[in-house]
Amino acid sequence: MKGLLKGLTTTAKVLARGSHTVQYPHVEPDLPVRSRGVIALLEENCTSCMLCARECPDWCITIDSHKETLPATTEGGRDRQKNVLDRFDIDFSLCMYCGICIEVCPFDALFWAPDFAYAEGDIRNLLHDKERLGGWMRTVPPATLPEGYDVPQAGEE
């Protein structure tokens, strides 16, 4: 009988505390600053080195680029070649959010953004291109950004 009363007392205490449930679609959850949500691309830092695509265990990253010749900046200098990023796609229907691509990027072009609510009704819409990945840069925590980078605010480009 003593055990039954102790159990009912514990149940009553828990019942009196109230619910901890958050009504998700109507109330946004408070996430930690460094949450793994979506991968954001800082396009100007990407050199098309392909390290992220090669190291990805799911092969969900597609990169296309071409070379452009830059004229010599000094007299007698030689022309230089620069990779120009044409296409950078991540297929989030394949991605397992391991973060290897972010870790291996030597030029700080990929970052975790804490946004997670980007579900789609059609699986084909989970292929994000460089413009959409670049849009996630607005939500990347300032502490993780490269030094001197200013986060564009909503409406800015």
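Rules used in this analysis
- Residues numbered from 1 in each chain as written.
- Predicted model: local features only at pLDDT ≥ 70, side-chain atom pairs only at ≥ 80, totals over all residues.
- Heavy atoms only, no water.
- Phe/Tyr/Trp six-rings, centres within 6.5 Å; stacked < 30°, edge-to-face > 60°.
- Buried < 20%, exposed > 50% of the residue type's maximum accessible area, 1.4 Å probe, protein only.
- Helix = DSSP H or I, 4+ residues; strand = E, 2+ residues; numbered from the N terminus.
- Expected span 1.5 Å × (residues − 1).
- Polar contact = N/O pair within 3.5 Å; in protein donor to acceptor, adjacent residues only side chain to side chain.
- Contact = heavy atoms within 4.5 Å.
- Salt bridge = Lys/Arg side-chain N within 4 Å of Asp/Glu carboxyl O.

### Quick look at the packing of aromatic side chains
In the structure shown here, the tally under the stated rule is four aromatic pairs. With a centroid separation of 5.9 Å and an interplanar angle of 20°, the aromatic rings of phenylalanine 92 and tyrosine 97 are classed as stacked. The partly exposed category is assigned to tyrosine 97, whose relative accessible area is 26%. When the ring of phenylalanine 92 is compared with that of tyrosine 118, the centres are 5.5 Å apart and the planes differ by 65°; the resulting orientation is edge-to-face. Highlighted residues: phenylalanine 92 in the loop between strand 3 (80–91) and helix 3 (100–104) and tyrosine 118 in the loop between strand 4 (110–113) and strand 5 (127–128), separated in sequence by 26 residues. Grouping residues by exposure puts phenylalanine 92 and tyrosine 118 together as buried. Following the ring pairs from residue to residue traces out a cluster consisting of Phe92, Tyr97, Tyr118 and Trp136.

### Comments concerning unusual backbone geometry
In the Ramachandran plot, tyrosine 97 falls in the positive-phi region, its phi being about 55° despite a non-glycine side chain. When you line up the elements, tyrosine 97 lands in the loop between strand 3 and helix 3.

### Brief notes about helix 1 (residues 2–17)
The end-to-end C-alpha separation of helix 1 is 23 Å, in line with the 22 Å expected for 16 residues at 1.5 Å each. For helix 1, the tally of buried residues reaches only zero of 16 residues, placing the bulk of the element at the surface. Residue glycine 18 follows helix 1 closely and has a positive phi angle near 95°.

### Some remarks on the side chain of histidine 128
The residue histidine 128 is located in strand 5 in this model. Reaching out from histidine 128, the side chain makes a polar contact with the side chain of arginine 132 at a distance of 3.4 Å. Apart from the residues lying within four places of it in its own chain, the contact partners of histidine 128 are Phe88, Asp89, Ile90, Phe92, Tyr118, Leu133 and Trp136.

### A closer look at the pattern of salt bridges
A complete count under the given rule lists five salt bridges for this structure. As a salt-bridge pair, lysine 130 and glutamate 43 come within 3.3 Å of each other at their nearest N and O atoms. With lysine 130 in helix 4 (residues 130–135) and glutamate 43 in the loop between strand 1 (38–41) and helix 2 (51–55), this pair connects stretches of sequence that are 87 residues apart. A relative accessible area of 13% places lysine 130 in the buried class. Between arginine 132 and glutamate 120 there is a salt bridge whose closest N-O contact spans 3.2 Å. Linking arginine 132 in helix 4 with glutamate 120 in the loop between strand 4 and strand 5, this pair joins segments that are twelve residues apart in sequence. The class for arginine 132 is partly exposed, based on a relative accessible area of 31%.

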